[in-house]
Amino acid sequence: MRRLRNVKIVATLGPASNDYDTIRALHEAGADVFRLNMSHGSHDEIRERHRIIRQVEKDLDSPIAILADLQGPKLRVGVFANDSEDLSEGDRFRLDLDETPGDAERVCLPHPEIFQALEPGSHLLVNDGKIRLIVESCGAEFADCRVEIGGTISNRKGVNVPDVVLPLAALSEKDRGDLEFVCQLGVDWLALSFVQRAKDVFEARSLADGRAAILSKIEKPAAVEAFDDILDASDGIMVARGDLGVELPVSAVPPIQKRLVRKCRTAAKPVIVATQMLESMIESPMPTRAEVSDVATAIYEGTDAIMLSAESAAGSYPIEAVQTMNKVAIEVEADPTYVEIIAASRTTKGTTVADGIVAAAREIAEKTEIKAICCFTQSGTTALLTARERPGVPIIAMTSLRGTARRLCLTWGCHCVMTPELERFKSAVVNAARAARSGGFASQTDLIVVTAGVPFNVPGSTNILRVAPCDERLIYSTDPE
């Protein structure tokens, strides 16, 4: 199913989008990737959503990526004798390991790891930062705090600790069970929550054992600090601005977003900009102008994908939210300023033959009348390198591996086409020409660029670039065997 844009759209499934008709409509409206949030829904519900997605994929003959988002460790206070208490600025408040119901002076925080890491001066944020505490003294089983910003604290509200790297693994016991479950189902991407350092990614990669690509969510200050190492260890990145905005000053989030997107582009790894993108469309059929501008900004930065969370999972207008993102993306990418920004922010990295070939393919395509770049890829690397170039023509990623086609649904500009295993370069060129014509990318009289590797079906062997006609008769008469 051809998209008229390069940026991809990720839609989260949930109670508002868990039946065949809605999921199919979401894909037809523009959703390229479906996110399964493992924080919500039983394994049976997740299994059924996975089955429906694969049925839609089969019925429409259109590769679809599935992203399973693991919950990660959740830090929460305990319960209160009165269910809630009001804290005022300047009050003293203790957090400890005592499971006795809390009151206006204390409550249980059942996470000894936090107390091990805290120091005087550390901050604790409760209920998405609405309440702010500063640690005045602490020990192995308690933290005595002063209330900097007051409010109502109630049962099991979440706690954020922005100032320290916590000695917690990114994968809880629940996450390990969920990871094995979704890998057996056959998801394409695993999103890791609470990533603080590269070793968090290594554990998930070991458990996944090649069955899914690993995407790290950047939602903590420690992850921003260790970003280069995390990026090296990951297959992709999600910039989770909502969580970053809790633990960091909100004014710091936009430059961080730009910096991380740029680094991902340079590394040829897909990046998603996520959370609160069209928040008002949970309840309204129309977004705010500020939200549209926010979506457009991410697209101008060259992000691979933009994501809907509650808008498509639990909102009243899931299909309209996808349609809105799709329209904004088409409009932005038609803007000459977008072309200038993307070209100006293009970076070159690597000195391999494949790096040179994809750079040459983009250069040739942009300086001549080439209609598309067709790249044959087994592992997906050639398509990722081609997408890094951000060419001004469509990228047709051709592969015989269904898993590769699905994973590339998250990558900027890639239109994924299944092809049989090929043995000869001439067959590859013919298949590329057919894909370009059938997909509406080119006509019989047009030219395309074809990149491939000989010998075929060997990952990392890209070593050929061919400018080819879309007329098969000319291919057969001019191309070598």
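One can find the structure itself at the top, above this paragraph.
So, a few notes on the structure that sits alongside this text. All values reported here derive from a predicted model rather than from experimental measurement.

Things to note about the sheet that holds strand β21 (residues 462-469)
Phase 1 of the analysis: If you walk across this open sheet you meet the 5 strands as β19-β18-β17-β20-β21, and the pairing is mixed. Looking at the sheet topology across the chains shown, the edges are occupied by β19 (414-418) and β21. Within this sheet the neighbouring strands show an average axis-to-axis angle of 25°, counted without direction.
Phase 2 of the analysis: As paired strands, strand β18 (residues 395-399) and β19 are joined by 5 bridges and run parallel to one another.

Some words on helix α4 (residues 173-185)
Phase 1 of the analysis: For α4, with 13 residues, the first-to-last C-alpha span of 19 Å sits near the 18 Å given by 1.5 Å per residue.
Phase 2 of the analysis: At its buried positions, α4 is contacted by α2 (43-60), β3 (65-69), β12 (189-192) and α5 (198-208).
Phase 3 of the analysis: After α4 finishes, the residue Gly 186 shows a positive phi value of roughly 110°.

Digging into the pairing of strand β16 (residues 305-308)
Phase 1 of the analysis: Burial along β16 is two-sided: the face carrying Ala 305 and Met 307 and the face carrying Ile 306 and Leu 308 are both buried.
Phase 2 of the analysis: Both strand β1 (residues 8-13) and β16 contribute to a ladder of 4 bridges, which runs parallel. Across the sheet, the residue bridging to Ile 9 is Ile 306, located in β16.
Phase 3 of the analysis: Relative to β16, strand β15 (residues 271-274) runs parallel, the two sharing 2 bridges. What sits directly across from Ile 272, in β16, is Ala 305.
Phase 4 of the analysis: Regarding topology, helix α10 (residues 289-300) serves as the crossover connection from β15 to the parallel β16, and that connection is right-handed.

Some points on the environment of Thr 382
Phase 1 of the analysis: Note that Thr 382 resides in helix α15 (residues 381-388).
Phase 2 of the analysis: Distance in space between the C-alpha atoms of Thr 382 and Ala 354 is 7.0 Å, their sequence separation being 28 residues.
Phase 3 of the analysis: The contacts of Thr 382, once residues within four sequence positions are left out, are Val 358, Cys 375, Phe 376, Thr 377, Thr 451 and Thr 462.
Phase 4 of the analysis: At a separation of 2.6 Å, a polar atom in the side chain of Thr 382 contacts the side chain of Thr 462.

Details of the pairing of β15
Phase 1 of the analysis: In β15, alternate side chains face the same way, and those of Val 271 and Val 273 on one face and Ile 272 and Ala 274 on the other are all buried.
Phase 2 of the analysis: Where strand β14 (residues 236-240) meets β15, 4 bridges bridge the pair, whose relative direction is parallel. Opposite Val 239, over in β15, you have Val 273 as the bridge partner.

Some points on the pattern of salt bridges
Phase 1 of the analysis: For the structure on display, the rule yields 35 salt bridges.
Phase 2 of the analysis: A salt bridge links Asp 69 to Lys 217; its shortest N-O distance comes to 3.0 Å. Separated by 148 residues along the polypeptide, Asp 69 in strand β3 and Lys 217 in strand β13 (residues 213-218) bring together distant segments of the chain. One exposure class covers both Asp 69 and Lys 217, and it is buried.
Phase 3 of the analysis: Residue Arg 346 is joined to Glu 366 by a salt bridge in which the shortest nitrogen-to-oxygen separation is 3.5 Å. Here Arg 346, found in the loop between α13 (336-344) and α14 (353-367), pairs with Glu 366, found in helix α14; they are 20 residues apart in sequence, far enough to count as distant.
Phase 4 of the analysis: Several salt bridges converge on common partners, so that one network encompasses Arg 346, Arg 362, Glu 363, Glu 366, Lys 367 and Glu 389.

Things to note about the nonpolar core
Phase 1 of the analysis: Membership of the largest hydrophobic core comes to 94 residues, with the highest contact counts inside it found for Phe 34, Leu 190, Ile 237, Ile 272, Ile 299 and Ile 306.
Phase 2 of the analysis: Counting residues in each nonpolar core, the second largest holds 27 residues, with Leu 133, Ala 143, Val 147 and Val 159 among its members.

Details of the sheet that holds β15
Phase 1 of the analysis: Taken together, 8 strands build a closed barrel; the order of strands is β1-β2-β3-β12-β13-β14-β15-β16 and the barrel is parallel. Here the average twist between neighbouring strands, direction ignored, is 25°.
Phase 2 of the analysis: Pairing of β13 with β14 involves 4 bridges; the strand directions are parallel. Pairing of Ser 216 across the sheet is with Ile 237, part of β14.
Phase 3 of the analysis: The sheet strands contacting α5 are β12 and β13, and the helix crosses β13 at an angle near 155°.

Conventions and cut-offs
Residues numbered from 1 in each chain as written. Predicted model: local features only at pLDDT ≥ 70, side-chain atom pairs only at ≥ 80, totals over all residues. Heavy atoms only, no water. Pairing = 2+ DSSP bridges. Helix = DSSP H or I, 4+ residues; strand = E, 2+ residues; numbered from the N terminus. Axes fitted to C-alpha atoms, helices over the stretch in contact; angles between N-to-C directions. Expected span 1.5 Å × (residues − 1). Contact = heavy atoms within 4.5 Å. Buried < 20%, exposed > 50% of the residue type's maximum accessible area, 1.4 Å probe, protein only. Right-handed = clockwise from strand over helix to strand, strands pointing away. Polar contact = N/O pair within 3.5 Å; in protein donor to acceptor, adjacent residues only side chain to side chain. Salt bridge = Lys/Arg side-chain N within 4 Å of Asp/Glu carboxyl O. Core = buried A, V, L, I, M, F, W, Y, C linked by side-chain atoms within 4.5 Å.

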